[in-house]
Structure formats: C-alpha cells, structure tokens
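# Tertiary structure, described
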Amino acid sequence: MRAVTFTTPGSIDVLSLSPQALPEPKSGEVRLRITSIGINRADLLFTQERYFCKPDFQGLDGTNRIGFEGAGIVDAVCASSGFKVGDRVALIPLQMDVNRQGTVAEYGLYPETSLILTPESINDQTAGGIWMAYLTAWGGIVTDGGLQKGQTL
C-alpha cells in the first residue's frame, strides 16, 4: 500500500508517495480502505510545523503521514470490534495520530473511537471532507462563542 509521507518540515515539495506495509488491526483498531479525503489548510500547516499539533518524525523510517480527515470502508477488524468488514465510516479529525495514521493513503489503522458510521444518504466524497469544517465551526460558535440552546445565529 502507499501513503503520502514526509521526513522533514517544509512546503508541499517535501511530500512523497511512499510504499508501506499493509497494517493489521490490534485491539481497539480497525483498518480502513480509504475512499476519500478532505484536504485542509491544517495539512499544509502541519508539514510546515505551523499547526497546533506538530510532526514528530517517529513513524516508519522517520516518516510522518498527512491527512486529518477522510472516509472509507472497514477492511479488517480486531476480534472484539464493534465494527464489521464492509462498514462505511468517516474519521473524526484529531481523534487519531496524524503522524502515523494520516488519511492521505490507500489504507490506515484507526482507533474505533475515531470513527463514525456513514449513512447511505451521504456519498463517500462528502463523508471524507465534512468533519473538519463542521467541527471548526462548532468550536468557534459553541465552544469559544458560547452559543447555547434556544439562541440563534
């Protein structure tokens, strides 16, 4: 399988398509075949060490992956999984380790707690790119702005 990785901070020029071993899920994880991703300013800022979480270069051969959000089809599960092979899911941004589990890849291992089932009415492209913008708006309006039940915006 292949993933977009980088080994040194910088602009998009530091990114490369790298072969990686197909990982097997451990307890609490599932493997996804990625069907869509969302690309955000966070992805470029992350490669430049300008995002609030920073690359750690502790991954496979000192590489980092990129990609904060995506969607896919569950491809493999651990024995105790609450998901099953074939489930369509989206990844909730910042609920996984982007350094090793970035979504700009063919496959990835993700904690079950970072996944949400995708309804049939939502296509893969939407599922892979909706959460970062939604959660950014939610954080600004509700968490930081204090919008409460009964108020309108």
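Shown above is the structure to which this text applies.
Now for a look at the structure at hand. Because the structure is a prediction, the values reported are computed rather than measured.

## Comments concerning the overall build of the protein chain
- Scanning the protein chain from terminus to terminus reveals four helices and eight strands.
- Ordered by position in the sequence, the α and β elements of the protein chain form the string β-β-β-α-β-β-β-α-β-β-α-α.
- Its C-alpha atoms give the protein chain a radius of gyration of 16 Å, within 12% of the compact-globule value 15 Å for 153 residues.
- With respect to the principal axes defined by its C-alpha atoms, the protein chain has extents near 50 × 40 × 25 Å.
- In the protein chain, which comprises 153 residues, the proportion classed as buried is 44%.
- Long-range pairs, those at least 24 residues apart, make up 70% of the contacts in the protein chain with a sequence separation of at least 6.
- Element-wise, carbon and sulfur atoms account for 56% of the exposed surface of the protein chain, whose accessible area totals about 8,300 Å².
- Across the protein chain, the centroid of the 12 positively charged side chains sits 3 Å from that of the 16 negatively charged ones.

## A word on the packing of aromatic side chains
- Enumeration according to the criterion identifies seven aromatic pairs in this entry.
- Residues Phe-46 and Phe-68 carry aromatic rings whose centres are separated by 5.6 Å and whose planes lie at 85° to one another, so their mutual orientation is edge-to-face. With a gap of 22 residues between them, Phe-46 in helix H1 (residues 41-47) and Phe-68 in the loop between strand E4 (64-65) and strand E5 (69-77) connect regions that are remote in the sequence. The two residues Phe-46 and Phe-68 agree in class, both being buried.
- Each ring, one from Tyr-134 and one from Trp-138, has its centre 6.4 Å from the other, and the planes form 25°; the classification is stacked. Of the two residues, Tyr-134 and Trp-138 both sit in helix H4 (residues 131-144), four residues apart, roughly one turn of that helix.
- Aromatic rings pair up to connect Phe-6, Phe-46, Tyr-51, Phe-52, Phe-57 and Phe-68 into one cluster.

## What to know about the nonpolar core
- Counting residues in hydrophobic clusters, the biggest one holds 12 residues: Val-4, Phe-6, Ala-42, Leu-45, Phe-46, Tyr-51, Phe-57, Ile-66, Phe-68, Val-98, Val-104 and Met-132.
- Every element with two or more residues in this core is listed here: strand E1 (2-6) and H1.
- In terms of residue count, H1 provides more of this core than any other element does, three residues in total.
- Among residues more than four places away in sequence, those in contact with Leu-45 are Arg-50 and Tyr-51.
- Formed by 10 residues, the second largest nonpolar core is a distinct cluster that contains Val-30, Leu-32, Val-74 and Leu-115.

## Thoughts on the pattern of salt bridges
- Within this structure, the stated rule accounts for seven salt bridges.
- Among the salt bridges present, the one from Arg-31 reaches Glu-24, with a minimum N-O distance of 3.1 Å.
- Accessibility expressed as a relative area gives 52% for Glu-24, which makes it exposed.
- Residues joined in a network through salt bridges with shared partners are Glu-24, Arg-31 and Asp-75.

## Looking at the environment of Met-132
- By the secondary structure assignment, Met-132 is in helix H4.
- Residue class for Met-132 comes out buried when judged on its relative accessible area of 8%.
- When the C-alpha positions of Met-132 and Glu-69 are compared, they lie 6.8 Å apart, and in sequence the two are 63 residues distant.
- Not counting residues up to four positions away in its chain, the partners in contact with Met-132 are Asn-40, Ala-42, Tyr-51, Phe-68, Glu-69 and Pro-93.

Calculation rules
Residues numbered from 1 in each chain as written. Predicted model: local features only at pLDDT ≥ 70, side-chain atom pairs only at ≥ 80, totals over all residues. Heavy atoms only, no water. Helix = DSSP H or I, 4+ residues; strand = E, 2+ residues; numbered from the N terminus. Rg over C-alpha atoms; globule rule 2.2 N^0.38 Å. Buried < 20%, exposed > 50% of the residue type's maximum accessible area, 1.4 Å probe, protein only. Contact = heavy atoms within 4.5 Å. Areas by Shrake-Rupley, 256 points an atom, 1.4 Å probe, with all protein chains shown as cover. Lys, Arg positive; Asp, Glu negative; His and termini not counted. Charge placed at Lys NZ, Arg CZ, Asp CG, Glu CD. Phe/Tyr/Trp six-rings, centres within 6.5 Å; stacked < 30°, edge-to-face > 60°. Core = buried A, V, L, I, M, F, W, Y, C linked by side-chain atoms within 4.5 Å. Salt bridge = Lys/Arg side-chain N within 4 Å of Asp/Glu carboxyl O.

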